[in-house]
Amino acid sequence: MTSLIAQNTKNIIKAKGLKQSAVAAFAGYSEKTFSNMLNGRKIISDRDVKAIADALKVTPNELFGC
């Protein structure tokens, strides 16, 4: 089961027309690790939220749907 953060991240990536691999690189993750996060195979920590938000140029709150 994917988390709300993972689902919102996927939605933002799609809305911005970005590639998941590019976001992973900007956030400092391998493609596999980032994919595991977005597909519920790895827990997304508070540090991950900050890195992903920075890579997507959004606020952490946007990843929580706020």
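Residues numbered from 1 in each chain as written. Predicted model: local features only at pLDDT ≥ 70, side-chain atom pairs only at ≥ 80, totals over all residues. Heavy atoms only, no water.

Observations concerning unusual backbone geometry
Then, in step 1: Of note, the phi angle at Lys57 is positive, near 60°, even though the residue is not glycine.
Then, in step 2: As for its placement among the helices and strands, Lys57 is situated in the loop between helix H4 (46-56) and helix H5 (60-63). (Helix = DSSP H or I, 4+ residues; strand = E, 2+ residues; numbered from the N terminus.)

As for the environment of Thr9
Then, in step 1: Assignment of secondary structure puts Thr9 in helix H1 (residues 4-16).
Then, in step 2: As a C-alpha pair, Thr9 and Arg47 span 38 residues in sequence and 15 Å in three-dimensional space.
Then, in step 3: Setting aside residues no more than four positions away along its own chain, Thr9 makes contact with Phe34, Leu38, Ile52, Leu56 and Leu63.
Then, in step 4: There is a polar contact of 2.8 Å between the side chain of Thr9 and the backbone oxygen of Ile5. (Contact = heavy atoms within 4.5 Å. Polar contact = N/O pair within 3.5 Å; in protein donor to acceptor, adjacent residues only side chain to side chain.)

Points about the packing of aromatic side chains
Then, in step 1: Within the structure shown, the criterion is met by 1 aromatic pair.
Then, in step 2: On the numbers, 6.3 Å between centres and 15° between planes, the contact of Tyr29 with Phe34 is stacked. The residues Tyr29 and Phe34 share a single accessibility class, namely buried. (Phe/Tyr/Trp six-rings, centres within 6.5 Å; stacked < 30°, edge-to-face > 60°. Buried < 20%, exposed > 50% of the residue type's maximum accessible area, 1.4 Å probe, protein only.)

As for helix H3 (residues 31-38)
Then, in step 1: Those residues of H3 that sit buried are Phe34, Ser35, Asn36, Met37 and Leu38.
Then, in step 2: Lining the buried residues of H3 we find H1, helix H2 (20-27) and H4.
Then, in step 3: Just beyond H3, the residue with positive phi is Gly40, at close to 75°.

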